[in-house]
Amino acid sequence: MEKLLAETANRATRYLSSLPERSVVPSSASVAALEQLGGPLPDAPADPAQILALLDDIGSPATVATAGPRYFGFVIGGTLPAALAANWLAGAWDQNGAMQVMSPVAARLEEIVLQWTIDLLDLPACSGAGFVTGTTMANFTALAAARTALLKRAGWNVEEDGLFGAPPIDVVVGAEVHVSLLKALSLLGLGRSRVTRVPVDNQGRMLSDALPPLNDRTLLCIQAGNVNTGAFDPAEQICARARDANAWIHVDGAFGLWAALSPQYAPLLAGFNAADSWAIDCHKWMNVPYDSGLAVVREPQHLQAAMSISAAYLASSNMREPWHYVAESSRRARAIELWAAMRSLGRAGLRELIERNCRQARLFAQLLAGAGFSILNDVVLNQVLVSFGTPDQTRAIIAAIQSDGTCWCGGTQWQGHTAMRISVSSWATTDEDVQRSADAIVKIARQLLTR
Ligand SMILES: Cc1ncc(COP(=O)(O)O)c(C=O)c1O
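This write-up is about the structure you can find in this document. Quick caveat: nothing in here was measured; it's all calculated off a predicted structure. Residue numbers restart at each chain and count upward from 1, following the sequence in its written direction. Residues qualify for local features only when their pLDDT is at least 70, as the model is predicted, and side-chain atom pairs are given and counted only at 80 or more; totals for whole chains, interfaces and linings, by contrast, use all residues. Remark: hydrogens and water are excluded; side-chain values derive from all non-hydrogen atoms of the structure.

### A look at the nonpolar core
Then comes step 1: Ranked by internal contacts, the top residues of the largest apolar core, which has 63 residues, are Leu220, Ile222, Trp258, Ile280 and Met286.
Then comes step 2: Looking at this core element by element, the count peaks at 9 residues for helix H11 (residues 335-370).
Then comes step 3: Dropping the residues within four chain positions of it, Ile222 is found in contact with Met206, Asp233, Ala235, Ile238, Cys239, Ile249, His250, Val251, Asp252 and Phe272.
Then comes step 4: For this analysis, a nonpolar core means a set of buried residues of the types Ala, Val, Leu, Ile, Met, Phe, Trp, Tyr and Cys, connected via side-chain atoms within 4.5 Å. Burial status follows relative accessibility: with a 1.4 Å probe on protein chains alone, a residue under 20% of its type maximum counts as buried, one over 50% as exposed, and anything between as partly exposed. Membership of the second largest hydrophobic core comes to 34 residues, among which are Ala138, Ala144, Ala145 and Leu188. For helices the rule is a DSSP run of H or I covering at least 4 residues; for strands it is a run of E covering at least 2, with both sets numbered from the N terminus onward. Residue contacts are counted whenever heavy atoms from the two residues lie within 4.5 Å of one another.

Laid out in structure tokens, this is it:
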């Protein structure tokens, strides 16, 4: 075992040190070579060292360098050194994060991380939370609590009696709602299409004047950080109205809520802490390994009502039981890496990470605008939208950038425009990486446009 793990550390270190210079995308030959990992399952056991060598030799070249410094697709963070190291140790611990009795360390780290997060994001101290896989499940988990609470007000117990015959819940979302929130609504029986969509402005922010009438059976979903523009809904105005109506306010704050870590960006979050629940991602801007997210609920009893189960053999204590806050029973102890990430950076390091990535997004915008290309959004956070001309030109340039391998950026449609998305979310990205990526993008775009 000792030799195997030492060899694993060597191979992993070699992989990580190759990231800054290797192509961000794997070659098609490397992807084709993955076939070597398949075939019929051999009958005989094999030496674990050989298995690891095969996995590294064939698997590593076929990875996308999302852990490297020049991956700007989707909203993807890397893995902070302390978080990766903690992940390895956690692998050795192999703790089941479900219950206190199964893992006191996992349960205690959840409590600590939750307290730190509530404090860092200025959320209500009374809040409870579940540690989940990412924002899709954070939305699902928090919205389950909302469904429980709203129907309880109407005298309906959704856990016992289901949704057939239940009083209706009016769901209100912005026109630029993230699709994962709609998926969560569909999983909860609240439907994707029966929602009221509130019109938005040119940055994707909900128009607060256009809100429909709200009441105490309205579930209002707002957004902190639009996946395309990075923009924030005007929470102060919206929450004031929603609180008057006693509606439930849910925030999809996948990456945007982390802006609270910086005094410079915290004003974008004015009013968001008046909500009832928040979905937060940790594998994005907190730069912990996949998968990791948090569903935070102001009145934890609703989350517990939605999630807790019991059985004679499953011991519950009078302490916080992690499995009473999430849909899963057995699961990975995700708080371990979060604890390590937060503890290693400290408040100052976390602030620096957010401020650096936002500054780098502005640097991207400056360099690309300086080269004559159009920036389609107000760069208020870490997201940049670029157009290179016609939709076909923009699409062709995105494809060429992706196959060049210096960096990776994805495409999108933004309010009728075809655009390239740049999301700067990694601890590993330096200003030189931004300059080098922008140079490659400009060179490729000019080559294609002058053809
Ligand atoms: C605003 C928003 N909500 C939800 C999600 C989905 O997050 P996940 O992929 O972690 O489930 C994303 C992903 O980018 C997002 O930006």
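### Details of empty space enclosed by the protein
Then comes step 1: Residues are said to line a cavity or pocket when one of their atoms sits within 4 Å of a point; the points come from a 1 Å grid over protein atoms alone, cavities being sets where a 1.4 Å probe fits but cannot get out and pockets being open sets with protein on both sides within 12 Å along at least five of seven lines. Grid points are joined across faces, edges and corners, and a volume is the space filled by probe spheres set on the points. This model, assessed by the stated rule, comprises 1 cavity of 30 Å³ or more.
Then comes step 2: Of the volumes computed, that of the largest cavity is approximately 80 Å³.
Then comes step 3: Val177, Cys221, Ile222, Gln223 and Asp233 are, among the 13 residues lining the largest cavity, the residues nearest its centre.
Then comes step 4: No other element matches the 3 residues that strand E4 (residues 218-223) contributes to the lining of the largest cavity.

### Re the packing of aromatic side chains
Then comes step 1: Two rings from Phe, Tyr or Trp (for Trp, the six-membered ring) form a pair when their centres sit within 6.5 Å of each other. Planes less than 30 degrees apart are called stacked, planes more than 60 degrees apart edge-to-face, and all others tilted. Applying the stated criterion across every chain yields a total of 5 aromatic pairs.
Then comes step 2: A ring pair is formed by Phe74 and Trp408, whose centres lie 5.6 Å apart and whose planes are at 20°; its orientation type is stacked. One end of the pair, Phe74, is in the loop between helix H3 (48-59) and helix H4 (81-93); the other, Trp408, is in the loop between helix H12 (391-404) and strand E10 (410-414), and 334 residues separate them in sequence.
Then comes step 3: Judged by relative accessible area, Trp408 falls into the buried class, the value being 13%.
Then comes step 4: Taken together through their ring pairs, the aromatic side chains of Tyr71, Phe74 and Trp408 make up a single cluster.

### Here we look at the sheet that holds strand E3 (residues 196-198)
Then comes step 1: Strands are labelled as partners when DSSP assigns at least two bridges between them. Spatial strand order, E1-E7-E6-E5-E4-E2-E3: 7 strands in an open sheet with mixed pairing. Looking at which strands have only one partner, the edges of the open sheet turn out to be strand E1 (128-132) and E3. When the angles between neighbouring strand axes are averaged without regard to direction, this sheet yields 20°.
Then comes step 2: Bridging between strand E2 (residues 170-174) and E4 involves 4 bridges; their strand directions are parallel. What sits directly across from Asp170, in E4, is Thr218.
Then comes step 3: Packing of helix H6 (residues 135-153) onto the sheet brings it into contact with E1, E4, strand E5 (248-252), strand E6 (277-281) and strand E7 (293-297), and relative to E5 it is tilted by some 180°. Inter-axis angles, ranging from 0 to 180 degrees, are taken between N-to-C directions of lines fitted to C-alpha atoms, where helices are fitted over the stretch in contact.

### Some points on the packing of H6 against helix H10 (residues 300-307)
Then comes step 1: Direction vectors running N to C along H6 and H10 enclose 100°, while the axes themselves pass 8 Å from each other. Judged on the interaxial angle alone, H10 and H6 are roughly perpendicular. Contacts between H6 and H10 involve Thr141, Ala144, Ala145, Thr148 and Ala149 on the former and, on the latter, His302, Leu303, Ala305, Ala306 and Met307.
Then comes step 2: Put simply, Ala, Val, Leu, Ile, Met, Phe, Trp, Tyr, Cys and Pro go in the nonpolar bin, Asp, Glu, Lys and Arg in the charged bin, and everything else, Gly too, in the polar bin. Broken down by class, the residue content of the contact of H6 with H10 amounts to 7 nonpolar, 3 polar and no charged. For this classification, under 35 degrees means roughly parallel, over 145 means roughly antiparallel, 65 to 115 means roughly perpendicular, and everything else is oblique.

### Section: the packing of helix H5 (residues 104-120) against H11
Then comes step 1: Two elements in contact, H5 and H11, have axes whose closest approach is 9 Å; the angle formed by their N-to-C orientations is 30°. In the crossing of H5 with H11, the sense of the turn from one axis to the other is left-handed. Where H5 abuts H11, its residues Ala106, Leu109, Glu110, Ile112, Val113, Trp116, Thr117, Asp119 and Leu120 lie against Ala335, Ile336, Leu338, Trp339, Met342, Arg343, Arg347 and Leu350.
Then comes step 2: Its residues assigned to classes, the contact of H5 with H11 comprises 12 nonpolar, 1 polar and 4 charged. In a left-handed crossing the near helix is turned counterclockwise from the far helix by less than a right angle, and in a right-handed crossing that turn is clockwise.

### Some points on the side chain of Ser127
Then comes step 1: Structurally, Ser127 is set in the loop between H5 and E1.
Then comes step 2: Overall, Ser127 belongs to the buried group, its relative accessible area being 8%.
Then comes step 3: Looking at Ser127, its side chain comes within polar contact range of the main-chain oxygen of Pro124, at 2.7 Å.
Then comes step 4: Residue contacts for Ser127: discarding those within four places in its chain leaves Leu114, Ile118, Trp278, Val296, Val297, Arg298 and Pro300. Counted as a polar contact is a pair of N or O atoms within 3.5 Å, where, for protein atoms, one must be capable of donating a hydrogen and the other of accepting one, and residues adjacent in sequence contribute only when both atoms are in side chains.

### Some thoughts on the pairing of strand E11 (residues 417-423)
Then comes step 1: Taken across its 7 residues, E11 has 6 buried, putting it largely inside the fold.
Then comes step 2: Bridging between strand E9 (residues 383-387) and E11 involves 4 bridges; their strand directions are antiparallel. Bridge assignment links Gln383 to a residue of E11, and that residue is Ser423.
Then comes step 3: Looking at chain direction, E10 and E11 are connected through 5 bridges and run antiparallel. Pairing of Thr412 across the sheet is with Ala419, part of E11.
Then comes step 4: Counting the residues between successive antiparallel strands, the hairpin from E10 to E11 contains 2 residues, one of them, Gln415, with a positive phi of roughly 45°.

Read these as layout, nothing more, since geometry by itself doesn't imply function.
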